[in-house]
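# Commentary on secondary and tertiary structure
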Amino acid sequence: MTKTRVSADIGGTFTDFVVQKETGEISIGKVPTTTDNPALGVLDGIRSLVDDPGSIDFFVHGTTVGLNAFLQRRGARTLLIMTGGVGDTYTIARGHREELYKLRYRKPKQLLDRESVHEVTERLSWDGSVITDLVESDFAPIIEKAKAQNIEAIAICFLHAYTNPAHELRAREILQEALPEISVSLSHEVAPEWREVERASSTVMDAYVAPVVELYLKTLKSELLAEGMEETIHVMRSNGGVMTDISASKHPISTLLSGPVGGSIGGMQLSAATGLKNLLCVDMGGTSFDLSLVVDGQPQLTSETVLEGLPLLMSIINIETVGAGGGSMAWIENGGLRVGPQSAGSLPGPVCYGRGGTQPTVTDANLFLRRLGDGSLLDGKMTLDSEANNAAMQKLAEDLGLSDVELAEGILAISNAKMADAMRTITVGQGIDPRDYTLVAFGGAGPMHAVELARELDIAKIIIPQFPGTFSAWGMLQSDIRHDLSKSFFRIATELESKDLEPVFDEMRQSGVSILTEENVPTESMAFEQAADLRYSGQEYTISVPIKEGAAIAEVIAEFHKLYEVRYGHALPEAPVEIINLRLAAFGKLEKIPAQKLPERENSDAVSGQRDVIFNGQQHATPIYKRYNLAVGQSIHSPAVIEEESATTIIPPGYHFSLDTFGNIMIEAQEQN
């Protein structure tokens, strides 16, 4: 029996699949996302792409179930228990303003109101020593309330629990004895770091999405078992690694951005294959536009993030997201044209899908300008309705007093400007010159807009990877199991020696070995990476510095100064440096099937037709290429439309492109004479 590796990326419009056989052969597919029950879409895709689900020996997927539950505020009914006297910490949160000059600024709304926050008597000192013992009788009224109000999850966040978890562990025992069906999240397991507001916010988020994620994974697992797939289900983590469904149920917060990070891992592998170290990865789907950077061959990782204004302490690949996609709808506000963030989704979808949509979208604009053809999507398996699309575009154009071509190009210009602004935020906004990067565009809609986005930021080189519409799903197959551990360790760095760190790292390594062993990772496949969070004395925020095994403290401090200067443009070599946290990444290396190079062949005529495509208000006779007919190294001048099953690539006049040995389309601007 031929073994296969399967990945699924559940998006807002489509669920993407990549099936890789042990021979290296890859097949892809897309099915509409079943929003009410995403597991059904996953099952539909597996049934259509895999003859025998029993042949699947590795299955990984990215899920937005937890994220959607949070965004739509449809999570579990939750309570928060905190140390007596600090119950207001969570609801008061921080006093800073995210938007300083917004006159009607309102603080982001927390997931829980003050009535859902309860206090119990206990107190630990900063070093974990017990000041006041846990008073167990304080839980009685909380348990009664949980029963009366059908509470589904409880978050526990005690002061300094990250240094001594004893009180939180005992609290969970008390609650689970009385309320065995309730999910309990502990702050020292979710976010074992200082900062009480962020730690409480993270623990509440974990509890809030836990029952939803647990039910989804349980349902998916039982359905796949019924289909004959007996292998472990793996879930993509927000940190770019994967974990088993059992771990995902224990740490549901780590699944929040599990879909978009697949593209970042794919970018890392693309960097290794092409030798291009710095990549700006953009993923444009039907609903959103996700951006991330690969710097010196590695994705940018951070230990904290903010979602909808709520702070979270978690290891996560730094991804910027805006509401712009192929399904973003055009609408009128105060007589002006607006695009997005509202999306037509998969149902009804864009007008041209013929599923009842009436409001033009970005995809409809591309079809109207003939950048898409009626049979462009899914390699002709899906037919677009040009007649209905033209009628909808003309109606909106009349309402705005524009010609239909002006409207279509205006929709694309507004959408591109919004995406380009997000690209500047993640590059120029961080002191990075985007001209030093190569743009990697993927997602179902990304290759249609790639060249124009690159032009906005003066980026010279563009890559459209193989199978761009399912690139995030492909990236998931390139991942390893990863768990990130951290431990509070507040010390003056110059007063330490490397031997002072070794016992802490050894303890964390033992924990990492235990976690990987539970995930059936053999010892020879385990690997570990050390790091520390450093700051100048008196500062609030830190920089994570990698630590090679056996490195001297002086080397770590020197690297901190260097990284600080890169980020902020200056350093303070004479200032005292503090270590705040120690971190350890535990990897379980997974067996992967290497990418296959395309066979050498003579240049062939890959042109399958021609369309009059509109660029800048002018029609251009544009050849239509089938990507699978392009020959490696064959250089072709634009304009061009390149069609394939998962996406369509649009290349306006003034560029040339070729196919590299791994099947990536390499696009560059023609030199001006």
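This text goes with the structure placed above it.
Residues numbered from 1 in each chain as written. Predicted model: local features only at pLDDT ≥ 70, side-chain atom pairs only at ≥ 80, totals over all residues. Heavy atoms only, no water.

## A short note on the packing of aromatic side chains
Aromatic rings in a pair are described by how distant their centres are and how their planes are angled relative to each other. For clarity, the threshold we go by: Each Phe, Tyr or Trp ring (for Trp, its six-membered ring) is paired with any other whose centre lies within 6.5 Å, and the angle between the two planes then decides the class: stacked below 30 degrees, edge-to-face above 60, tilted in between. Each helix is a run of DSSP H or I of at least 4 residues and each strand a run of E of at least 2, with the numbering of both proceeding from the N terminus.
Applying the stated rule across the entire model yields 7 aromatic pairs. Taking the centre distance of 5.5 Å and the plane angle of 25° together, the rings of Phe471 and Trp474 count as stacked. Residue Phe471 and its partner Trp474 are located together in helix 14 (residues 471–476), separated by 3 residues, close to a single helical turn. Look at Tyr625 and Phe657: their rings are 5.8 Å apart centre to centre, the planes differ by 80°, and that puts the pair in the edge-to-face class. Taken together, the residues span a long stretch of sequence, with Tyr625 in strand 28 (residues 618–626) and Phe657 in strand 32 (residues 655–659) at a distance of 32 residues.

## Considerations on unusual backbone geometry
Between Gly340 and Pro341 the backbone carries a cis peptide bond, its omega angle lying at 0°. For the peptide bond that leads from Ser638 to Pro639, omega is 10°, which places it in the cis range. Mapping Pro639 onto the fold places it in the loop between strand 29 (636–637) and strand 30 (640–643). Unusually for a residue other than glycine, Asn150 sits at a positive phi of about 55°. On the secondary structure map, Asn150 appears in the loop between helix 4 (139–148) and strand 9 (153–157). A positive phi is found at Asn616, a non-glycine position, where the angle reads about 55°. Relative to the elements of secondary structure, Asn616 occurs in the loop between strand 27 (607–615) and strand 28.

## Here's the deal with the packing of helix 11 (residues 386–400) against helix 12 (residues 404–426)
Selection criterion: To get an axis, fit a line to the C-alpha atoms, keeping to the stretch in contact for a helix; angles then go from 0 to 180 degrees between the N-to-C directions. Oblique is the label for every angle not falling under 35 degrees (roughly parallel), over 145 degrees (roughly antiparallel), or within 65 to 115 degrees (roughly perpendicular). Any two residues whose heavy atoms approach within 4.5 Å at even a single point are treated as in contact. Only Asp, Glu, Lys and Arg are considered charged, only Ala, Val, Leu, Ile, Met, Phe, Trp, Tyr, Cys and Pro nonpolar, and every remaining residue, Gly among them, polar.
Where helix 11 meets helix 12, the axes come as close as 8 Å, and the angle between the chain directions of the two elements is 95°. Classed by the angle they form, the pair helix 11 and helix 12 counts as roughly perpendicular. Of helix 12, the residues touching helix 11 (which contributes Met393, Gln394, Leu396, Ala397 and Leu400) are Asp404, Leu407, Ala408 and Ile411. A class-by-class count of the residues in the contact of helix 11 with helix 12 yields 7 nonpolar, 1 polar and 1 charged.

## A look at the nonpolar core
Stated formally: Residues grouped as a nonpolar core are buried Ala, Val, Leu, Ile, Met, Phe, Trp, Tyr and Cys residues, joined through side-chain atoms within 4.5 Å. A 1.4 Å probe rolled over the protein chains alone gives each residue an accessible area, and that area as a share of the maximum for its type sets the label: buried under 20%, exposed over 50%, partly exposed in between.
If you look at the biggest cluster of nonpolar residues, it comprises 69 residues, and the most contacted ones within it are Leu280, Phe289, Ile411, Met423, Leu439, Phe657 and Ile667. With 9 residues, helix 12 is the largest single contributor of residues to this core. Among residues more than four places away in sequence, those in contact with Phe289 are Val282, Asp283, Met284, Glu320, Thr321, Val322, Ala324, Met419, Met423 and Leu453.

## Section: the environment of Gly340
Here Gly340 shows up in strand 20 (residues 336–343). Relative accessible area serves as the criterion here: at 5%, Gly340 is assigned to the buried category. When the C-alpha positions of Gly340 and Val322 are compared, they lie 9.6 Å apart, and in sequence the two are 18 residues distant. Ignoring any residue separated from it by four or fewer positions in sequence, one finds Gly340 in contact with Gly323, Ser328, Met329, Trp331 and Lys418.

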